[in-house]
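# Architecture and fold: a report
As a plain string of letters, each chain reads:
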Amino acid sequence: MKRSTQLLLVLFVVVLLAACGGEAAPEEEVVDTVSTPLAIAPETEEDPAEEEDATLPPPVVEAQPTPTLAPGAPGGEAEEPAAAPEEAPAEETGGAVFPWPEDRFGYGVQIHGNATVGDPVATMEVVADQLGLDWIKVQLKWPLVYPEPEAEQWFFYDGVLDEADKAGLNVMLSVVGAPEWTRALGGENGPPDDYTQYYTFLDELLARYAGRVHAIEVWNEQNLDREWKTNEGLVPADYVEFLRGAYDTIKAHDPNIIVISGALSPTGFHDAVTSFDDFIYLDALLAAGMLDYTDCVGTHHNGYNVPPSAGVEDLMGLAEAQTASFRGPFGPPFDAAGNPHHSWSFRTTLEGYAEKVQAVDPDMRLCVTEFGWASSEGYERPPDGFGFATDNTLEEQAEYIVAAFQQMRNSGDVWLAFLFNFDFGNKGSGILDDPVPYSIIDINGIPRPAFGAVAAMEKQP
């Protein structure tokens, strides 16, 4: 790629489908929305498939200040924004650790991952040099690249992959969504009618970014019909068949790329129509042979207002059981043992996954592709349906994130872990955007205490 094109892709775009009247522009969509247990009947999230992605030309770019980010000292006060560099100097690429060692724990974070939002040069420098992390997660949306069959829009991701490579970061892509033109049912929140179309897209993606993609998560939260809407419904065996073809396609490009099964949403609601309990769905995946087509089992958990060390058996004994304004984790309902549902507990959910998976394959581990704790401290209120964020202070958010990283690393059950999230705080649509209270920078780009905690955290491989 010519240097002039690279420069266009790494600078911040001032105007690109500006969002009017509260509607988010397509490049600012968050497909991987955080989940609340459906048993507590959260407000229905808007289906991202309902928003149409227009066919866009490559962006017209004007130089803008680099977003406000933390200085080198962990937890330090933010500096004045620096001017974006006119041109990045030529560097040797390929500093990522690849293939990733089987005995090494990977520290990662999800970034916004869209070259038209923010400055990917600054993002990668901060993640690598200040946070000291190994991996980034980018949710790559197929319909954004191909809103129409012939409309290629790779520029959304080119700059991100280029700059991650220069920074020596390993990249995990969560490849989600199917263009509406591939689905008779319509919408983008489900697989294509012909699975081979997804595999063809993976082929093109891996050829374009050869050597720069180190792991791929195949879909996201397919135990919910808002993510896997098909005429057949939520059928675990269908996902295993979908995964099988994706696994073969990825491994044909490079057998060292880590294939991660789509992480399930921990939910206490199970009707097998709109939602599957994640443990029930996982049992069905295992019975259908999923472990033959994955290197790592994808897992999610978003903390709620419970410390990471607390199992479900501990919840009623926590001080929070008496003081929390959000009552979900503290029942009722209770199970036969008198405990709340497993989905409220980070520790119990991960231990349950590991136990089920390793009963089939003792060597298989988890890749926690989304975890975090939300705090609305400093904001007027949390997003609708995320009331638990009011119970977590910023200091607790920082404490829980570090403890969770350490807990996962020490368990021996987790291979890669991705914090949700780094930079959605100042790239969303305000404080009522779901990912904002999870972000370790605020809506003005100022580091929250969790930023400094992650930066200072010892990273033991």
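Here, every reference points to the structure presented above.
These remarks concern the structure in this document. Keep in mind that what you see is a predicted model, and the values were worked out from it rather than measured. Residue indices follow the written sequence of each chain, beginning from 1 at its first position. Thresholds applied to this predicted model are a pLDDT of at least 70 for local features of residues and 80 or more for the giving and counting of side-chain atom pairs; totals over whole chains, interfaces and linings are not thresholded and use all residues. Heavy atoms from the whole structure form the basis of all side-chain values; hydrogens and water molecules are not counted.

## Notes on the side chain of Asn421
The criterion, for reference: Think of it this way: any DSSP run of H or I at least four residues long counts as a helix, any run of E at least two long counts as a strand, and we number them from the N terminus. With a 1.4 Å probe rolled over the protein chains alone, any residue whose accessible area is under 20% of its type maximum counts as buried; one over 50% counts as exposed, and the rest are partly exposed. Pairs of N or O atoms within 3.5 Å make up the polar contacts considered here, provided that, within protein, one atom can donate a hydrogen while the other can accept it, and that residues adjacent in sequence are counted only when both atoms are side-chain atoms.
Relative to the helices and strands, Asn421 resides in the loop between strand E8 (414–419) and helix H11 (449–456). With a relative accessible area of 0%, Asn421 lands in the buried category. Of note is the side chain of Asn421, whose polar atom sits 3.5 Å from the backbone nitrogen of Asp423. A polar side-chain atom of Asn421 sits 3.1 Å from the main-chain carbonyl oxygen of Pro435.

## Quick look at the pattern of salt bridges
Filter applied, for reference: Within this document, salt bridges are pairs made up of a side-chain nitrogen of Lys or Arg and a carboxyl oxygen of Asp or Glu, the two lying within 4 Å of each other.
In this structure the tally under the stated criterion is 15 salt bridges. Two residues, Asp162 and Arg212, come together in a salt bridge whose shortest N-O distance is 2.4 Å. Here Asp162, found in helix H4 (residues 155–166), pairs with Arg212, found in the loop between helix H5 (195–208) and strand E4 (215–218); they are 50 residues apart in sequence, far enough to count as distant. Both residues of the pair, Asp162 and Arg212, belong to the buried class. The closest approach of N and O atoms between Asp423 and Lys427, which form a salt bridge, is 3.7 Å. As far as burial versus exposure is concerned, Asp423 and Lys427 are alike and both buried. One connected set of salt bridges, linked through shared partners, spans Glu313, Asp314, Arg347 and Glu351.

## A look at the packing of aromatic side chains
Definition in use: Within 6.5 Å between ring centres, the rings of Phe, Tyr and Trp (the latter by its six-membered ring) count as paired, and their orientation is classed by plane angle as stacked under 30 degrees, edge-to-face over 60, tilted in between.
In total, this model carries 37 aromatic pairs according to the counting rule given. With a centroid separation of 5.4 Å and an interplanar angle of 20°, the aromatic rings of Trp142 and Phe201 are classed as stacked. A residue pair is termed long-range when its members are at least 10 positions apart, and Trp142 in helix H3 (residues 142–145) and Phe201 in helix H5 qualify at 59 residues. Here the two residues Trp142 and Phe201 agree in accessibility, since each one is buried. Look at Tyr195 and Phe242: their rings are 5.1 Å apart centre to centre, the planes differ by 80°, and that puts the pair in the edge-to-face class.

## Brief notes about unusual backbone geometry
With the exception of glycine, most residues fall at negative phi, and the peptide bonds are largely trans. Here the bond from Phe98 into Pro99 is cis, since omega is 0°, no more than 30 degrees from zero. Summarising the element assignment, Pro99 is placed in the loop between helix H1 (3–10) and strand E1 (106–110). The omega torsion across Phe420 and Asn421 is 5°, close enough to zero to call that bond cis. The phi angle at Trp219 is positive, at roughly 80°, despite the residue not being glycine. Along the chain, Trp219 falls in the loop between E4 and helix H6 (236–253).

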